[in-house]
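# Chain and residue survey
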Amino acid sequence: ACGSSGLYRTFFETRRSTTVWRATWRRHARRRGVCGRPCTTCRGSTATSCWELLRRTGRSWRHRYLHHRGRPAVAVWGMGFQFASPNINTSQAHAVLDFFESKNVTVVGGTPTWWRTGGHDVMNTTGWDEVFRRFAVISPWTVGRYSSVDGTRLETLQSIDNYVTQFIIPDLAEARRVGADYMPVVWPGGSAQHESRGVEHWNRAPRFGGWFLWRQLYNAINRAGVDMIYGAMVDEVSEGTAYYKIASDNASVPVNAKLLYNDVDPGVRVPTDWWMQVAGKAAEALRAGQNVSEVLECCEGCSCPPAPPAADVVSEESVGYWSKPLFDKGAW
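A short tour of the structure in this document, coming up. (Residues numbered from 1 in each chain as written. Predicted model: local features only at pLDDT ≥ 70, side-chain atom pairs only at ≥ 80, totals over all residues. Heavy atoms only, no water.)

The next subject is the overall build of the protein. Helices and strands together make up the secondary structure of the protein, namely seven helices and eight strands. Buried residues in the protein amount to 48% of all 332 residues. For the protein, contacts bridging at least 24 residues in sequence account for 75% of all contacts bridging at least 6. Carbon together with sulfur atoms contributes 51% to the accessible area of the protein, which is approximately 16,100 Å² in total. (Helix = DSSP H or I, 4+ residues; strand = E, 2+ residues; numbered from the N terminus. Buried < 20%, exposed > 50% of the residue type's maximum accessible area, 1.4 Å probe, protein only. Contact = heavy atoms within 4.5 Å. Areas by Shrake-Rupley, 256 points an atom, 1.4 Å probe, with all protein chains shown as cover.)

So this is what it looks like as C-alpha cells:
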C-alpha cells in the first residue's frame with residue numbers, strides 16, 4: 001500500500017493479527033512488497049514508515065513477534081524484479097537496508113529467482129547484485145518457475161528436481177559465502193485462472209494430492225540441506241497457491257465459480273486442511289534437524305496418487321500415472 005492509507009491499514013491489520021497470534025500461540029512478522037503499481041512516494045519509504053509505526057506501538061518487540069538470531073524480522077519483497085514497476089532503484093534499496101540495519105532488524109529479502117547470476121527476472125540496471133547480497137536472509141521467488149514442455153506429470157517433477165541442482169544448492173553456497181541465511185520458497189501448486197494475464201491458467205500446476213509440494217520440500221531439506229523454508233502463500237487465492245483450507249470436491253464449490261478443489265486431479269481425495277498438514281510434516285522435521293521421508297504418507301482414509309519416480313530414475317522407466325498428459329503446452 002502507498003502513503004498514509006497504507007500506514008493506517010498496517011496498524012489495523014497488525015492489531016487484528018496480533019490478537020489472533022496471541023490466542024493461538026503462533027508467531028508473526030511483517031512482510032512488505034515494494035513492487036507493483038507505481039506510487040507517488042517510494043515504496044521503500046512506506047516500508048520504513050510502517051516499521052516505525054509497529055515500533056512505536058510496541059508490536060515489533062512483543063513475545064510472539066518473529067525474531068531471527070535475536071533480532072526482530074521484517075520481510076521486504078520485490079526489490080530488483082524485472083516485471084516490477086520501476087518505483088525503487090538501487091540507491092533507494094540501499095537506503096531501506098541502511099534504515100533497518102540501524103534499527104537492529106533482520107531483513108528477509110524476497111528476491112528474483114536469478115538473484116545470484118542476474119538476467120531473466122532481475123532488473124537490467126546495474127547494482128542489484130550488491131543489494132541482494134546485503135539481505136540477512138535471501139529468499140528467491142519460485143512460484144511459476146516449474147514448467148512442463150511435453151505436458152506430463154513426470155516432466156513437471158523433473159523441472160522441480162532440476163531446480164534444486166541449478167538454483168537451491170548453488171544459491172545456498174553463495175548465501176553462506178556472503179554471510180547470509182537462505183530460505184527457498186515452496187508452493188503447493190497453482191491455478192492463475194483469476195489473474196489478468198489473458199491466458200487460460202486453470203489448474204496450470206496441479207497439486208497431485210500433495211506430491212508437487214512434497215517433492216520441493218524433500219529436495220530442499222534432504223538434497224540441499226536447508227534449515228528454513230518459506231511457504232507461498234497461506235491465503236493466495238488468485239494464483240491458486242493457498243495453503244489454508246480449500247474445498248475437498250467440486251460439489252463444495254459455489255455454483256458457476258471456477259475455483260480449485262482438492263479432487264480436481266484424478267485419484268485424489270484429501271481433507272480441506274491437507275496442505276497445512278503436509279507443510280506441518282516438513283516444519284516438524286526442520287525443527288528437529290531431521291530429513292523428511294521420500295514418500296509422502298497419505299492421510300488415513302484418504303486417496304493420494306502413487307509415489308512418483310525418484311530423481312535418479314530415467315524417463316523411460318517411468319510409466320503409468322506420472323507419464324500421463326496434464327495440460328496444454330504453454331508457459332506459466
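For the structure on display, the rule yields nine salt bridges. For Asp-98, the salt bridge goes to Arg-134, with nearest N and O atoms at 2.7 Å. Of this pair, Asp-98 sits in helix 3 (residues 90–102) while Arg-134 sits in the loop between helix 4 (128–132) and strand 5 (137–140), and the two are 36 residues apart along the sequence. Classification of Asp-98 as partly exposed rests on a relative accessible area of 42%. A single salt-bridge network, built from bridges that share partners, covers Asp-98, Glu-101 and Arg-134. (Salt bridge = Lys/Arg side-chain N within 4 Å of Asp/Glu carboxyl O.)

The next subject is unusual backbone geometry. Most of the time, phi is negative for any residue but glycine, and the peptide bond is trans. A cis amide bond, omega -20°, links Ala-232 with the succeeding residue Met-233. Phi at Asn-104 takes a positive value of approximately 60°, unusual for a residue other than glycine. Within the secondary structure, Asn-104 is located in the loop between helix 3 and strand 4 (106–111). For Asn-104, a relative accessible area of 40% puts it in the partly exposed group. Backbone geometry at His-120 places phi at a positive 60°, although glycine is not the residue there. One can find His-120 in the loop between strand 4 and helix 4. Classification of His-120 as exposed rests on a relative accessible area of 60%.

Now for the packing of helix 6 (residues 211–224) against helix 7 (residues 274–288). Two numbers describe how helix 6 lies on helix 7: the axes approach to 11 Å, and their chain directions differ by 10°. In terms of orientation, helix 6 lies roughly parallel with respect to helix 7. Residues Leu-213, Trp-214, Leu-217 and Ile-221 of helix 6 lie in contact with helix 7, whose contacting residues are Trp-275, Val-278, Lys-281, Ala-282 and Leu-286. When the residues that make up the contact of helix 6 with helix 7 are grouped by side-chain class, the tally is eight nonpolar, no polar and one charged. (Axes fitted to C-alpha atoms, helices over the stretch in contact; angles between N-to-C directions. Parallel < 35°, antiparallel > 145°, perpendicular 65-115°, else oblique. Nonpolar A, V, L, I, M, F, W, Y, C, P; charged D, E, K, R; others polar.)

In a regular helix each residue adds 1.5 Å, so 13 residues correspond to 18 Å; helix 3 covers 18 Å between its end C-alpha atoms and thus fits that length. All of the buried residues along helix 3 are Thr-90, Ala-93, His-94, Val-96, Leu-97, Phe-99 and Phe-100. Of the residues that open helix 3, the one with a side-chain oxygen 3.1 Å from the backbone nitrogen of Ser-91 is Asn-89. (Expected span 1.5 Å × (residues − 1). Polar contact = N/O pair within 3.5 Å; in protein donor to acceptor, adjacent residues only side chain to side chain.)

Contact geometry of helix 5 (residues 153–177) with helix 6 gives a least axis separation of 10 Å together with a crossing angle of 30°. Crossing hand, helix 5 versus helix 6: right-handed. Between helix 5 and helix 6, the residues in contact are Thr-156, Leu-157, Ile-160, Asp-161, Val-164, Thr-165, Ile-168, Ile-169 and Leu-172 and Trp-211, Phe-212, Arg-215, Gln-216, Asn-219, Ala-220, Arg-223 and Ala-224, respectively. Split by residue class, the contact of helix 5 with helix 6 holds 10 nonpolar, four polar and three charged. (Left-handed = near helix turned anticlockwise from the far one by under 90°.)

What follows concerns the packing of aromatic side chains. For the structure shown, the criterion picks out 11 aromatic pairs. For the pair Trp-77 and Phe-81, a centre-to-centre distance of 4.6 Å together with 25° between the ring planes defines the contact as stacked. For Phe-81, a relative accessible area of 0% corresponds to the buried category. Ring centres 5.3 Å apart and planes at 85° place the aromatic pair Trp-114 and Phe-167 in the edge-to-face group. Taken together, the residues Trp-114 in the loop between strand 4 and helix 4 and Phe-167 in helix 5 connect sequence positions 53 residues apart. Aromatic ring contacts, followed pair by pair, group Trp-114, Tyr-146, Tyr-163, Phe-167, Trp-187, Phe-208 and Phe-212 into a single cluster. The positively charged end of Arg-207 is found above the aromatic ring belonging to Trp-275, 4.7 Å away from the centroid. (Phe/Tyr/Trp six-rings, centres within 6.5 Å; stacked < 30°, edge-to-face > 60°. Lys NZ or Arg CZ within 6 Å of the ring centre and 35° of its normal.)

Relative to the elements of secondary structure, Ala-310 occurs in the segment after helix 7. Residues Ala-310 and Arg-215, spaced 95 residues apart in sequence, show a C-alpha to C-alpha distance of 9.6 Å. Setting aside chain neighbours within four positions, we find Ala-310 in contact with Arg-215 and Glu-294.

So, on to the pairing of strand 4. The buried fraction of strand 4 is high, at six of six residues. Residues of strand 4 alternate between two faces, with Thr-106, Val-108 and Gly-110 on one and Val-107, Gly-109 and Thr-111 on the opposite face, all of them buried. As paired elements, strand 3 (residues 71–77) and strand 4 share five bridges and run parallel to each other. What sits directly across from Val-76, in strand 4, is Gly-109. Across four bridges, strand 4 lies against strand 5 in parallel orientation. When the bridges of strand 5 are listed, Thr-111 appears paired with Pro-140. (Pairing = 2+ DSSP bridges.)

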